[in-house]
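# Descriptive structure summary
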Amino acid sequence: MKALEEKILSEAEVLPGDVLKVGSFLNQQIDTVILKQMAEEVKRLFAGEKVDKVLTVEASGIAFATAVALELKVPMVFAKKHASANVSGEQYSAPVYSFTHKKTYEIAVSKAYLSAGERVLIADDFLANGNALKGLISIVKEAGGIVAGCCTEIEKGFQGGGDALRAEGYKVESLAIVESMENGILKFRP
Ligand code: 5GP
């Protein structure tokens, strides 16, 4: 998406460890105009798919997932991190290694909010190694749902997570794919 690429070029900062900082328009302060444009683009990209729910993980995926769900007129569900003890088996859960925090979280969704047979579109802000999306896919499968596809705002293509999921047969759409950011110079996948 051209407008997103331009915004990244003008405002994103490349931090050490292959982290792209987009706090000024995607993560902490949110540019609602571009958020709406991104959600409209996801609606267009998934026009052929039936979607019953949008699923993300707290916290940074919530704004994008909500905007997408608003466009599709379906509910948005987010997985919580730091799952409370699942002794009574009331949650679907999966371990996810966090790229930004360098530790493994248990992410969890109450069984009340995902049902067998539902077609779920998974959304997140970033796609790097693909661990967050894989954890969410595992939760949808545990619930007996169907993954309608995955969408992210920014994919760092050089980290390989998106292409690995595409090779597994998932429809993965990212609104901007950063192919490299060596020496702070950003290049996008055409
Ligand atoms: P993955 O699980 O695909 O390795 O990483 C995706 C998750 O890590 C996303 O939920 C996102 O919050 C975080 N993340 C990964 N790379 C970046 C990055 O470059 N910048 C920011 N702000 N978050 C990232």
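The present account deals with the structure reproduced in this document.

Conventions used here
Residues numbered from 1 in each chain as written. Predicted model: local features only at pLDDT ≥ 70, side-chain atom pairs only at ≥ 80, totals over all residues. Heavy atoms only, no water. Disulfide = S-S within 2.5 Å. Buried < 20%, exposed > 50% of the residue type's maximum accessible area, 1.4 Å probe, protein only. Helix = DSSP H or I, 4+ residues; strand = E, 2+ residues; numbered from the N terminus. Contact = heavy atoms within 4.5 Å. Near = heavy atom within 4 Å. Polar contact = N/O pair within 3.5 Å; in protein donor to acceptor, adjacent residues only side chain to side chain. Areas by Shrake-Rupley, 256 points an atom, 1.4 Å probe, with all protein chains shown as cover. 1 Å grid on protein atoms, 1.4 Å probe; cavity = no way out; pocket = protein on both sides within 12 Å on 5 of 7 lines; lining within 4 Å. Sits in = over half its atoms within 2 Å of the grid points. Nonpolar A, V, L, I, M, F, W, Y, C, P; charged D, E, K, R; others polar.

### Section: the state of the cysteines
In the structure shown here, the tally under the stated rule is zero disulfides. This cysteine, Cys150, is not joined by any disulfide, and Cys151 carries the nearest cysteine sulfur, 7.7 Å off. Here Cys150 falls in the buried class, since its relative accessible area comes to 0%. A residue is classified by how much of its surface remains accessible, and Cys151, at 1% relative accessible area, is buried.

### Brief notes about helix H3 (residues 62-72)
Turning to H3, its buried residues number three or more, namely Phe64, Ala65, Ala67, Val68, Ala69 and Glu71. Those residues of H3 that are buried lie in contact with helix H2 (32-45), strand E3 (53-57), strand E4 (76-79), strand E7 (119-127), strand E8 (146-156) and strand E9 (172-180).

### Some words on the site of the ligand
Surveying the vicinity of the ligand reveals 17 residues, the closest of which are Leu20, Asp124, Ala128, Gly130 and Lys156. At 3.1 Å, a side-chain N or O of Asn27 approaches a nitrogen atom of the ligand. In the model, an oxygen atom of the ligand is placed 3.1 Å from a nitrogen or oxygen of the Asn131 main chain. Protein contact buries 90% of the 500 Å² of open area that the ligand shows by itself. A molecule is said to occupy a pocket when more than half its atoms come within 2 Å of that pocket's grid points, and by this definition the ligand occupies the largest pocket. Sorting the residues of the shell around the ligand by element identifies strand E2 (19-21), E7 and helix H4 (131-142) as the ones contributing at least two each. If you tally residues by element for the shell around the ligand, the top one is E7, at four residues. A class-by-class count of the residues in the shell around the ligand yields seven nonpolar, six polar and four charged.

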